[in-house]
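Below are the chains, spelled out letter by letter.
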Amino acid sequence: MNKLYYIRCRSDGESWICDVTDSILEVNKLLKEYQLDDPHSKFKIAHSLGENEIPIGWFNKERVKKYLGKDA
């Protein structure tokens, strides 16, 4: 199994995982997209899902399904 990379978002004191991929290149690209889309929140790359669930939306649903086996 490939190593997974997660994008963690932090806003208003709350933190959650917002995306997942298995490529360091793709996670860096996604991180930049999230930062451009929402400059007020803080995003970082995480190496574990932890206790968090990933909210599934139009932007990440295919990656969540592919890497974590969860349907929207």
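Look above for the structure.
Notes on the structure follow. (Residues numbered from 1 in each chain as written. Predicted model: local features only at pLDDT ≥ 70, side-chain atom pairs only at ≥ 80, totals over all residues. Heavy atoms only, no water.)

A separate point is helix α2 (residues 61-68). All of the buried residues in α2 are Arg 63, Val 64 and Tyr 67. One side of α2 carries all its buried residues, which in axial view fall inside an arc of 100°. Residues Glu 62 and Lys 66 are exposed on α2 and point more than 90 degrees away from its buried face. Packing partners of the buried residues in α2 comprise β2 (14-21) and α1 (24-37). (Buried < 20%, exposed > 50% of the residue type's maximum accessible area, 1.4 Å probe, protein only. Helix = DSSP H or I, 4+ residues; strand = E, 2+ residues; numbered from the N terminus. Arc of directions from axis to C-beta. Contact = heavy atoms within 4.5 Å.)

Judged by pairing direction, the sheet is antiparallel, and its 3 strands sit side by side in the order β2-β1-β3 without closing on themselves. The open sheet has two edge strands with one neighbour each: β2 and β3 (42-46). Sheet twist, expressed as the mean angle between neighbouring strand axes with direction ignored, is 25°. Note: strand β1 (residues 5-11) against β2, 7 bridges, orientation antiparallel. What sits directly across from Cys 9, in β2, is Trp 16. (Pairing = 2+ DSSP bridges. Axes fitted to C-alpha atoms, helices over the stretch in contact; angles between N-to-C directions.)

Take the pattern of salt bridges next. Applying the stated criterion to the full structure yields 2 salt bridges. Between Asp 19 and Arg 63 there is a salt bridge; the shortest N-O distance is 2.7 Å. One end of the pair, Asp 19, is in strand β2; the other, Arg 63, is in helix α2, with 44 residues separating them in the sequence. Using a relative accessible area of 0% as the deciding quantity, one classes Asp 19 as buried. We classify Arg 63 as buried; its relative accessible area is 15%. Close ionic contact of Lys 29 with Glu 33 constitutes a salt bridge, the shortest N to O distance being 4.0 Å. Here Lys 29 pairs with Glu 33, and both are found in helix α1, just 4 residues apart, close to one helical turn. A relative accessible area of 33% means that Glu 33 is categorised as partly exposed. (Salt bridge = Lys/Arg side-chain N within 4 Å of Asp/Glu carboxyl O.)

Engagement of the side chain of Asp 19 in a polar contact is seen with the side chain of Arg 63, the distance being 2.7 Å. Leave out the neighbours within four places in its chain, and Asp 19 touches Tyr 5, Tyr 6, Ile 7, Leu 30, Tyr 34, Ile 54, Phe 59, Asn 60 and Arg 63. (Polar contact = N/O pair within 3.5 Å; in protein donor to acceptor, adjacent residues only side chain to side chain.)

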